[in-house]
Protein chains: 2
Amino acid sequence: MSYYSAHPRFHLAVDCIIFGFRDDKISLLLLKRDFEPAKGECSLMGGFVRENESVDDAARRVLTELTGLTDIYMEQVGAFGKVGREPDERVVSVAYYALINIDDYDHELVESHNAFWVAIDERPDLIFDHDEMVSKALVKMRGMASEYPIMFHLLPKEFTLSKLQSLCEAIYGMPLDKRNFRKQVAHTACIEKVGAIDKSESKRGAALYRFNENVFRKTGIFKL
Amino acid sequence: MSYYSAHPRFHLAVDCIIFGFRDDKISLLLLKRDFEPAKGECSLMGGFVRENESVDDAARRVLTELTGLTDIYMEQVGAFGKVGREPDERVVSVAYYALINIDDYDHELVESHNAFWVAIDERPDLIFDHDEMVSKALVKMRGMASEYPIMFHLLPKEFTLSKLQSLCEAIYGMPLDKRNFRKQVAHTACIEKVGAIDKSESKRGAALYRFNENVFRKTGIFKL
DNA sequence: AAAAACGAGTGTATAATCAACACTTGCTAC
DNA sequence: GTAGCAAGTGTTGATTATACACTCGTTTTT
């Protein structure tokens, strides 16, 4: 196969920007690295792509290694391929963002990796080009969220409208009017009242809603 | 550097989705391959990433090899990393789209590569996963075009409003109302009349306009 | 047991934006 | 001089977006 063997080969990695929704803020799951390179600094969770594994699969594997979660919504952010982006060796990395429900992950696993949550606007500096990855992931995630109902991956299956509103406010980075917001939800067929009441966040209790994937697929309508 | 050397290495390629605007249609510059693998079939222009070259630089180099053009607007579409995406060897490819003014490229170079233009909706089947690359590039390009003034890269510096309208129609895939369109242009400070008249497309002649990058940077306003 | 605290829930009026629509102009070619 | 052709030009009605303040139901406090 001399056509191929004439060309160089590269280390290929994946890095995961793991978003969660915590204390009404978009948050990020980061590693405090207790290993080289860049031991002691903060980074995204990453790993090398294996021989017989697609790049997408590598990202899913790495996410599972850290959180224990499978079947998670992920999107590719892009390939990062500058020559000196890692100091010691050339590594090309493909970044992915993941949206997880912060109630669901495996806490022991996360602790054993020395990982921790930070609010997105309080994140520390990260190693290599991970800051750039996070910025691009945020832009891409916000863009997707304004067109497709991906935000529900950040919430439990059932949620109150107040929680959904504060999530939208966190994603779009601006306050929203409560009455206008609820008017829009009322016109969105794929968000339906479940009947139960949540009393954990208020004395009066708030109706619980859920996102109905099937209704969305039929109507294709979603705009919050 | 045993941390790194324990991990496999991969061939890394780039592929270019080269868009142009021809006969009022978005078009694509493709290769009729006179070389292996997949000789005789149609593909995107691509190439392998070199040792001391960033992935972005590889894409720019490959574009220049085919068209002779430099300083071209390009955006990364994403990394394509399925295990069997090329039949003979594993290659991970990063796709980029480029927007070029179809009057500008080096015709001899293009012919020597056996390359040709096709309208986007008349494109033949392409090898490997290049069809998927083109579809994703189109989605991304359309999304960008609806937010940022990238469409001007597809036009000569000076253009008539009729050309600009037919370009928008081609990008968004729908007819636009002439009066509404021109009203919007009139409210877009970064599109300015140049004074000259183009008589090549109509007997009466049409005013020429140009996009003013500086005005756009100041106002940040663009919406067509 | 009354009152205070707290988030849940609810409509209307105005402003802004979008969408639909048809004729006249200026030049050229016959 | 007239037929042909793309360029150019405003108004109206419909839809959508925005601004805004009080009552409800439950719990906690005094």
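What counts, and at which threshold
- Residues numbered from 1 in each chain as written.
- Chains lettered and ligands numbered in written order.
- Predicted model: local features only at pLDDT ≥ 70, side-chain atom pairs only at ≥ 80, totals over all residues.
- Heavy atoms only, no water.
- Near = heavy atom within 4 Å.
- Polar contact = N/O pair within 3.5 Å; in protein donor to acceptor, adjacent residues only side chain to side chain.
- Helix = DSSP H or I, 4+ residues; strand = E, 2+ residues; numbered from the N terminus.
- Nonpolar A, V, L, I, M, F, W, Y, C, P; charged D, E, K, R; others polar.
- Axes fitted to C-alpha atoms, helices over the stretch in contact; angles between N-to-C directions.
- Parallel < 35°, antiparallel > 145°, perpendicular 65-115°, else oblique.
- Contact = heavy atoms within 4.5 Å.
- Disulfide = S-S within 2.5 Å.
- Buried area = accessible area lost by both parts, 1.4 Å probe.
- Salt bridge = Lys/Arg side-chain N within 4 Å of Asp/Glu carboxyl O.
- Pairing = 2+ DSSP bridges.
- Domains from an automatic or database assignment.
- Expected span 1.5 Å × (residues − 1).
- Buried < 20%, exposed > 50% of the residue type's maximum accessible area, 1.4 Å probe, protein only.
- Least-squares fit on C-alpha atoms with pLDDT ≥ 70 in both.

> So what exactly am I meant to see when it comes to the protein's contact with DNA strand D here?
Close to DNA strand D lie 19 residues, the nearest being R204 of chain A together with S162, K178, R182 and R204 of chain B. Backbone atoms, meaning sugar plus phosphate, form 40% of the atoms of DNA strand D positioned within 4 Å of the protein. Take D177 of chain A: an N or O atom from its side chain is 3.1 Å from a base nitrogen of DNA strand D. Interatomic distance of 3.3 Å between a side-chain N/O atom of K183 of chain A and a base oxygen of DNA strand D. Among the elements that make up the surface near DNA strand D, the one with the highest residue count is helix α6 (residues 178–186) of chain B (four residues).

> What is the right way to read the environment of H187 of chain B from this model?
As for its position among the elements, H187 of chain B is in the loop between α6 and β9 (191–198). A C-alpha to C-alpha distance of 9.6 Å links H187 of chain B and K223 of chain B, two positions 36 residues apart in sequence.

> How should I be thinking about the protein's contact with DNA strand C in this particular structure?
Of all residues adjacent to DNA strand C, which total 19 residues, the nearest are S162, K178, R182 and R204 of chain A together with R204 of chain B. One of the side-chain N or O atoms of R182 of chain A is found 2.4 Å from a phosphate oxygen in DNA strand C. In this structure, a base nitrogen belonging to DNA strand C sits 3.1 Å away from a side-chain N or O atom of D177 of chain B. Sorting the residues of the surface near DNA strand C by element identifies α6 (178–186) and β10 (206–211) of chain A together with α6 of chain B as the ones contributing at least two each. Sort the elements by how many residues they give to the surface near DNA strand C and α6 of chain A lands first, with four residues. A class-by-class count of the residues in the surface near DNA strand C yields two nonpolar, four polar and 13 charged.

> Would you explain the packing of helix α5 (residues 161–172) of chain A against α6 of chain A in this entry?
To describe two helices that pack against each other, one gives the angle between their axes and the distance between the axes. Residue and element names in this part refer to chain A. Close contact between α5 and α6 brings their axes to 11 Å; oriented N to C, the two are set at 105 degrees. Classed by the angle they form, the pair α5 and α6 counts as roughly perpendicular. Between α5 and α6, the contacting residues are L161, S162, L164, Q165 and C168 on the first element and K178, F181, R182 and V185 on the second.

> Help me understand the environment of D103 of chain B, please; the structure alone is not making it clear to me.
Position of D103 of chain B relative to the elements: it lies in the loop between β6 (91–99) and α3 (107–112). Sequence-wise, D103 of chain B and E65 of chain B are 38 residues apart; in three dimensions their C-alpha atoms are separated by 17 Å.

> Help me out: how do you make sense of the state of the cysteines in this one?
Here, disulfide denotes a covalent bond that connects the sulfur atoms of two cysteines. Under the defined criterion, the tally for this structure stands at zero disulfides over all chains. Take C16 of chain B: it sits in no disulfide, and the sulfur closest to it among the cysteines is that of C42 of chain B, at 17 Å.

> How do you make sense of the interface of chain B and chain A when you look at a structure like this?
Interfaces are often described in size by the accessible area the parts lose on coming together. In this assembly, 33 residues from chain B lie in contact with 33 residues from chain A. Surface buried jointly by chain B and chain A totals about 3200 Å² across both partners, of which 60% is contributed by carbon and sulfur atoms. The largest per-residue losses of area from chain B upon contact with chain A belong to Y4, R9 and F10 of chain B, which jointly make up 23% of the total buried on that side. The interface formed by chain B and chain A contains two salt bridges. One salt bridge connects E89 of chain B with R9 of chain A, and the closest N-O pair in it is separated by 3.6 Å. Linking chain B to chain A there are 17 residue pairs in polar contact (both at pLDDT 80 or more). Contributing elements (two or more residues each) for the side of chain B that touches chain A: α1 (2–5), β1 (9–22), β5 (73–80) and β6 of chain B. Of the residues contributing to the side of chain B that touches chain A, the split by class is 15 nonpolar, eight polar and 10 charged. Note that strand β1 (residues 9–22) of chain A and β1 of chain B share three bridges and pair antiparallel.

> In this structure, what is going on with the domain arrangement of chain A? I would like to understand it.
Residue and element names in this part refer to chain A. Assigned domains within chain A: domain 1 (4–145) and domain 2 (150–219). Contacts between the two partners involve 16 residues from domain 1 and, on the opposite side, 12 residues from domain 2. Buried surface at the junction of domain 1 and domain 2, summed over both partners, amounts to about 1300 Å²; 69% is from carbon and sulfur atoms. Contact with domain 2 buries area across many residues of domain 1, yet F21, L99 and A145 alone supply 40% of it, more than any other trio. Counting every contact that joins domain 1 to domain 2 gives one salt bridge. Between D24 and K163 there is a salt bridge; the shortest N-O distance is 3.2 Å. Viewed at the interface, domain 2 and domain 1 are joined by five residue pairs in polar contact (both at pLDDT 80 or more). If you list the elements that add at least two residues to the side of domain 1 that touches domain 2, you get β1, β2 (25–32), β6 (91–99) and α4 (130–145). It is α4 that provides the largest number of residues to the side of domain 1 that touches domain 2, a total of four residues.

> In this structure, what is going on with helix α2 (residues 55–67) of chain B? I would like to understand it.
Note: α-helices contain 3.6 residues per turn, so residues at a spacing of three or four share the same orientation. Given a rise of 1.5 Å per residue, 13 residues ought to cover 18 Å, and the 19 Å separating the end C-alpha atoms of α2 of chain B matches this to within 8%. Those residues of α2 of chain B that sit buried are V55, A58, A59, R61, V62, L63, L66 and T67 of chain B.

> For this particular structure, what's the right way to read the sheet that holds β9 of chain B?
Backbone hydrogen bonds hold the strands of a sheet together, and the pairing may be parallel or antiparallel. Residue and element names in this part refer to chain B. As summarised here, the arrangement of the three strands in space is β8-β10-β9, forming an open sheet in which the pairing is antiparallel. In this open sheet, the two edge strands, each paired with only one partner strand, are β8 (158–160) and β9. Across the sheet, the mean angle from the axis of one strand to that of its neighbour is 45 degrees, orientation sign disregarded. Strand direction decides the pairing type here: β9 and strand β10 (residues 206–211), joined by five bridges, are antiparallel. Counted as the bridge partner of K193 is Y209 from β10. The sheet strands contacting helix α5 (residues 161–172) are β8, β9 and β10, and the helix crosses β8 at an angle near 80 degrees.

> Help me understand the relation of the copies chain B and chain A in this model?
The two chain copies are connected by a rotation around an axis plus a translation along it. Placing chain B over chain A gives an RMSD of 0.0 Å and needs a rotation angle of 180 degrees, together with 0.0 Å of translation along the axis. The symmetry that links the two subunits is that of a two-fold axis. Interface residue correspondence from chain B to chain A reaches 100%, placing this contact among same-surface, isologous pairings.

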